[in-house]
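Examining the three-dimensional arrangement
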Amino acid sequence: MKYLYAMAGMILLLAGCAAAGSFTAEMDVDTYVNQSDANQTYADSPVLWAASEDGAATKMVYLSVINLFGSQSIFKPDQITSATLTLDAVEVESAGKVTAYFLHGATLETATWYDRADYDSSVSSSAVEVEDTGSYTWDVTDIVKKAIETCTDGCPYSIVLVAEDDAAVGFASGESDDGDEPELKYETNE
């Protein structure tokens, strides 16, 4: 009988830990789109550019994330306590702010300026001031919560980085030798 109680307790403990903890999301595609070369794809570029001129984005970074929420037992947005996106700025032509936005759906390797998907401007991080090369982190908790709310069962989502203030910043991609690839981490409370 003690053995039975011990096994039941162990199963409950393991079930309770299944969704709790820290997770690192896998990126499917990291690329950027460029207004001045609107038909070009950049999925194999070692540098991901976010830039703006005169208050309008001219280059935007797209990070397509593999959705594993269901397999991680994450089914409700309020299970997420925090989420961060970290990128290494490897080139800074002009300092300025960069904001992350939510995009429902995958970004393909063939994405160009002309066929880029529109991000949800109502779901974003706070802007991060990028002044020099180095590692930068965005609080993307609201973006990850929106991804869970939109689709827990495996549909993809993307994070779009948009520059402000006439900034021009190059971030290391998964193809880069100069810095770490983009990393999305999130914490759960259950």
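Everything numeric here is computed off the predicted structure, so don't read it as measured data.

In the structure shown here, the tally under the stated rule is six aromatic pairs. Measuring from centroid to centroid gives 4.1 Å for tyrosine 32 and tyrosine 42, while their planes differ by 20°, and the two rings are stacked. You can see tyrosine 32 sitting in strand β2 (residues 27-34) and its partner tyrosine 42 sitting in the loop between β2 and β3 (47-53), a full 10 residues away along the chain. Judged on exposure class, the residue tyrosine 32 and its partner tyrosine 42 are both buried. Centre to centre, the rings of phenylalanine 69 and tyrosine 157 are 5.7 Å apart; their planes meet at 10°, and the pair counts as stacked. Note that phenylalanine 69 is positioned in the loop between β4 (56-65) and β5 (80-94) and tyrosine 157 in strand β10 (residues 157-163), a separation of 88 residues in sequence.

Another aspect to go through is the state of the cysteines. Counted according to the given criterion, the structure contains one disulfide. The residue that forms a disulfide with cysteine 151 is cysteine 155, at a sulfur-sulfur distance of 2.1 Å. Residue cysteine 151 is classed as buried on the basis of its relative accessible area of 15%.

What follows covers the side chain of asparagine 67. One can find asparagine 67 in the loop between β4 and β5. Classification of asparagine 67 as buried rests on a relative accessible area of 8%. From its side chain, asparagine 67 meets the backbone nitrogen of phenylalanine 69 in a polar contact 3.0 Å long. Within the structure, the side chain of asparagine 67 is placed 2.8 Å from the backbone oxygen of cysteine 151, a separation counted as a polar contact. Apart from the residues within four sequence positions on either side, asparagine 67 is in contact with Cys151, Thr152, Gly154, Cys155, Pro156 and Tyr157.

Quick notes on the rules
By convention here, each chain's residues receive numbers from 1 onward along its written sequence. Restriction of local features to residues with pLDDT of at least 70 applies here, the model being predicted, together with a cutoff of 80 or more for giving and counting side-chain atom pairs; totals for whole chains, interfaces and linings are based on all residues. Note that water and hydrogens are dropped before the side-chain values are worked out from all heavy atoms of the structure. When two rings of Phe, Tyr or Trp (its six-membered ring) have centres within 6.5 Å they constitute a pair, described as stacked for plane angles under 30 degrees, edge-to-face for angles over 60, and tilted for the intermediate range. Elements are defined by DSSP. Helices are runs of H or I of four residues or more, strands are runs of E of two residues or more, and each kind is numbered from the N terminus. Categorising residues by exposure relies on relative accessible area from a 1.4 Å probe, with only protein chains included: less than 20% of the type maximum marks a residue as buried, more than 50% marks it as exposed, and the intermediate range marks it as partly exposed. Note that a disulfide, as used here, is simply two cysteine sulfur atoms within 2.5 Å. Two N or O atoms count as a polar contact when they lie within 3.5 Å, although within protein this holds only if one can serve as hydrogen donor and the other as acceptor, and sequence-adjacent residues are included solely when both atoms are side-chain atoms. Any two residues whose heavy atoms approach within 4.5 Å at even a single point are treated as in contact.

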